[in-house]
Amino acid sequence: MTENSDFYLKCRQGIERAFNQGGTVLVDALPALRKSTGVVQWAAESGEKLVVFTARNDLYDQLEKECEERGVSYRVLPSFIRFCSTGGREEVHGEKWANRFKQKYAEGYSARELHTDALKHFDEPLPCQQEGTCEFLQRLEEKDKEDAYDQYDILIGHYVHLFDRTYSESRHVVIDEFPGDSLLIELSSGAVNSAINQYLDEDSSLPFSTRDDLVGTRRENKDIERWLNETGWLTFDSVAENWNKYWRKTDAYGAILTRAILTSKKLGQWTRATLRDGTVIAQDKNGRVVILPPFPFSEDKTVVGLDGTPSVEAWRAILGKQMKPISVLNDAEKREWLGQLGLRLIQLAETPVPVNGTLGDDRYRDQALIEGITRLEGAAPFVITSKNAIGNLKLVDQNPEWESRHYGNLKGLNTLDGVESALIIGSPQPSDHEIQKWAALAGSPAVPAEDEEGNRLRGNKLDFGDVGNDILRGFRDNEVLQAAMRFRRQVDESDNETRVYIYSNAIPEWVRPEVWDVDIRRWDDGRGMSQVVSVLTSGEDWGTRESTTGEILEMIQERYGSKAKGYDQVVNLLHKLTDEFELIRRVRRQSYVWSNLRLEERGKHCVVAIAPPDR
Ligand SMILES: [Zn+2]
């Protein structure tokens, strides 16, 4: 049996190994292994300087706390979200100001410009500047000074700070969790076309003048090919080379998008181009474009990615093919770690069960699952599923006893620790676009496999190829595991456990959860059955009462009058309740006599049985 401290030690050693070996490394370490501690500790012991890029407030806070505890000096980088009371902390000057600020920011003005030129943009000074200089601006001005950060051991910033050379120049880089879309610029096909046309309009020296020219040009016109080669135009242009400086200014995109069209290669239904400065541009079949700007790191820079449940291929898309993954625990140790945390994972479905938002019959199934777990546990489970599925569930269960969260608002939430039982319904299914986007950025096609008739394979057979599948599992299976791990963030010295029931098989393979049987059958799918069950369960003595078919029929007629179901149908339904649902009992005397078996266990809409498999 491994001690807890050994797990933390392994994580620390993994981080140490990553820094010592240098280059680009991904450290794969499950949640709660104290990755932030490991990083700060390494900085404290080695005396090396770091910059840590992250996103969530809780990760910022954790890093700051670690630095303080270990006497490591740190500085949080300027961010209007964190430090400007106008644009970032709307509780100070109100939502209206925050929205005005963010609106301008979205139009492409920098947060600095909005501060220094507030009168021009807002016709009045910013409220954050009324009493002295806004803290965001103070931090920006600090950055302008030479040697500004020399005195700090660790800088803490957001993923968008990754692109600013100042912060990483003489430091090792740590990227805490996968930055995802916050690194990308995404453009609609309309925006792409107009940026290209505008660029071609403005530069009359080019041998093509419209986007259509450009697309047709490449292979057909030898003169243009020659012109491109002779002028070296594809490899140099001051705008293209420095487009990064015009970050978020659409006018700068024309120069690089034009080059991307002329140099792109096909990847399935996508195309991809790498520009000379390292910018990667990928385009889907509908013309939508995604741009991944290059990081300003020198080749020998140490860059360490940290992730609890990574998709290695998605990380390769941003860090490059030379990235080396390090797993701090092997699969058996990972399982042991889940046990140490007191997590018991129980799988309830044989397919991924993608959560979808449509208002279908799924809500009855979902409610039955909650009822089933509530009966097993003696209390309602905490529910995690999609936002829409929660909304749909509340239409069936208007006064729910269960608490819930949807997949989208789990990150950074630590208050679930110690919940006794939880139910995760379905897995978040990334769209094809999402999977193909990251695969294209990584340089691979991700084409969904089809059967012999040309129908796309689904469910357990869904297949995007090696790279696409790794991304799919990273965004789906690992998301499910992350959700499950929300319920235990600390080692539990007592023998308490949290049982997490997962209605999906989208769980990383190494987990090897218990697999239980689930049987859910809707009993109230017709008006007739509701009538029968309603009379069988009325009156104080219903639990023990014995009734003949005639008596039951009479009660139905009395209650429902002209709408009452007839003899044949009622008899059929009574047999169904006996044989199929096993909710009532039947004995034959002169005629049949019916009595309750376990009608009280029927759910509102379904009969549900959840149990470990028969041994
Ligand atoms: Zn401000």
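### Let's talk about the packing of helix H21 (residues 465–475) against helix H22 (residues 477–485)
When two helices pack together, their arrangement is captured by the angle between the axes and the distance separating the axes.
Part 1: Interaxial distance between H21 and H22 falls to 3 Å at its minimum, and their mutual angle equals 20 degrees. As judged from the angle between their axes, H21 and H22 are roughly parallel. Seen from H21, the contacting residues are Leu472, Arg473, Gly474 and Phe475; seen from H22, they are Asp477, Asn478 and Glu479.
Part 2: Across the contact of H21 with H22, the residue classes tally to two nonpolar, two polar and three charged.

### Focus on the pattern of salt bridges
Part 1: Evaluation of the coordinates by the stated rule reveals 31 salt bridges.
Part 2: Its salt-bridge partner being Lys437, residue Glu186 comes within 2.8 Å of it at the nearest N-O pair. Linking Glu186 in strand E6 (residues 185–187) with Lys437 in helix H20 (residues 432–442), this pair joins segments that are 251 residues apart in sequence.
Part 3: The class for Lys437 is buried, based on a relative accessible area of 1%.
Part 4: For Arg521, the salt bridge is made with Asp519, and the minimal N-O distance between the two is 3.2 Å.
Part 5: When its relative accessible area of 27% is taken as the criterion, Arg521 is described as partly exposed.
Part 6: The partly exposed category is assigned to Asp519, whose relative accessible area is 34%.
Part 7: Counted as one network, the salt bridges with shared partners bring together Arg344, Glu377, Glu497, Arg499 and Glu514.

### A word on the coordination of the zinc ion
Part 1: Surrounding the zinc ion are the protein donor atoms Cys84 (SG), His115 (NE2), Cys128 (SG) and Cys134 (SG), which sit 2.0 to 2.3 Å from the metal.
Part 2: Each of the four donor atoms bound to the zinc ion contributes to angles spanning 103 to 118 degrees, and the resulting shape is tetrahedral.
Part 3: Ordering the donors of the zinc ion by residue number gives the pattern C-x30-H-x12-C-x5-C. Placement of the pair is Cys84 in the loop between helix H4 (80–83) and helix H5 (90–93) and His115 in helix H7 (residues 111–116), with a sequence separation of 31 residues. Taken individually, Cys84 and His115 each receive the classification buried, so the pair is uniform in this respect.

### As for the nonpolar core
Part 1: In this structure, Leu33, Ile154, Trp337, Leu345 and Val500 are the most contacted members of the largest nonpolar core, which totals 70 residues.
Part 2: Looking at which element gives the most residues to this core, the answer is helix H1 (residues 4–21), with six residues.
Part 3: Shared between two domains, this core holds at least three residues of each, these being domain 1 (4–183 + 296–327) and domain 3 (331–429 + 476–515).
Part 4: In terms of nonpolar packing, the next biggest core, distinct from the first, is built from 45 residues, Tyr149, Phe163, Leu183 and Val290 among them.

### Comments concerning the side chain of His605
Part 1: Along the polypeptide, His605 turns up in the loop between strand E22 (592–596) and strand E23 (606–611).
Part 2: Aside from chain neighbours lying at most four places away, what touches His605 is Tyr364, Gln367, Val396, Arg521, Arg522, Trp523 and Asp524.

### Observations concerning a negative patch on the surface
Part 1: Together, Glu450, Asp451, Glu452 and Glu453 make up a negatively charged patch on the protein surface.
Part 2: For Glu452, the location among the structural elements is in the loop between H20 and H21.
Part 3: Residue classification places Glu452 among the exposed positions, given a relative accessible area of 83%.

### Details of unusual backbone geometry
Across the chain, the bulk of peptide bonds are trans and the bulk of non-glycine residues have phi less than zero.
Part 1: You will see that Ala32, though not glycine, has its phi angle at about 75 degrees, which is positive.
Part 2: Here Ala32 is to be found in the loop between strand E1 (24–28) and helix H2 (35–46).
Part 3: Despite not being glycine, Glu177 shows a phi value in the positive range, around 75 degrees.
Part 4: Its location among the elements puts Glu177 in the loop between strand E5 (172–176) and E6.

What counts and how
Residues numbered from 1 in each chain as written. Predicted model: local features only at pLDDT ≥ 70, side-chain atom pairs only at ≥ 80, totals over all residues. Heavy atoms only, no water. Axes fitted to C-alpha atoms, helices over the stretch in contact; angles between N-to-C directions. Helix = DSSP H or I, 4+ residues; strand = E, 2+ residues; numbered from the N terminus. Parallel < 35°, antiparallel > 145°, perpendicular 65-115°, else oblique. Contact = heavy atoms within 4.5 Å. Nonpolar A, V, L, I, M, F, W, Y, C, P; charged D, E, K, R; others polar. Salt bridge = Lys/Arg side-chain N within 4 Å of Asp/Glu carboxyl O. Buried < 20%, exposed > 50% of the residue type's maximum accessible area, 1.4 Å probe, protein only. Donors = N, O, S within 2.8 Å, 3.2 Å for Na, K, Ca; no water. Tetrahedral: all angles 85-135°; square planar, octahedral: opposite > 155°, others 65-115°. Core = buried A, V, L, I, M, F, W, Y, C linked by side-chain atoms within 4.5 Å. Domains from an automatic or database assignment. Patch = residues over 30% accessible without salt bridge, like charges linked within 9 Å, V, L, I, M, F, W, Y side chains within 5 Å. Areas by Shrake-Rupley, 256 points an atom, 1.4 Å probe, with all protein chains shown as cover. Lys, Arg positive; Asp, Glu negative; His and termini not counted. Charge placed at Lys NZ, Arg CZ, Asp CG, Glu CD.

Purely spatial values, then, with no claim about function.
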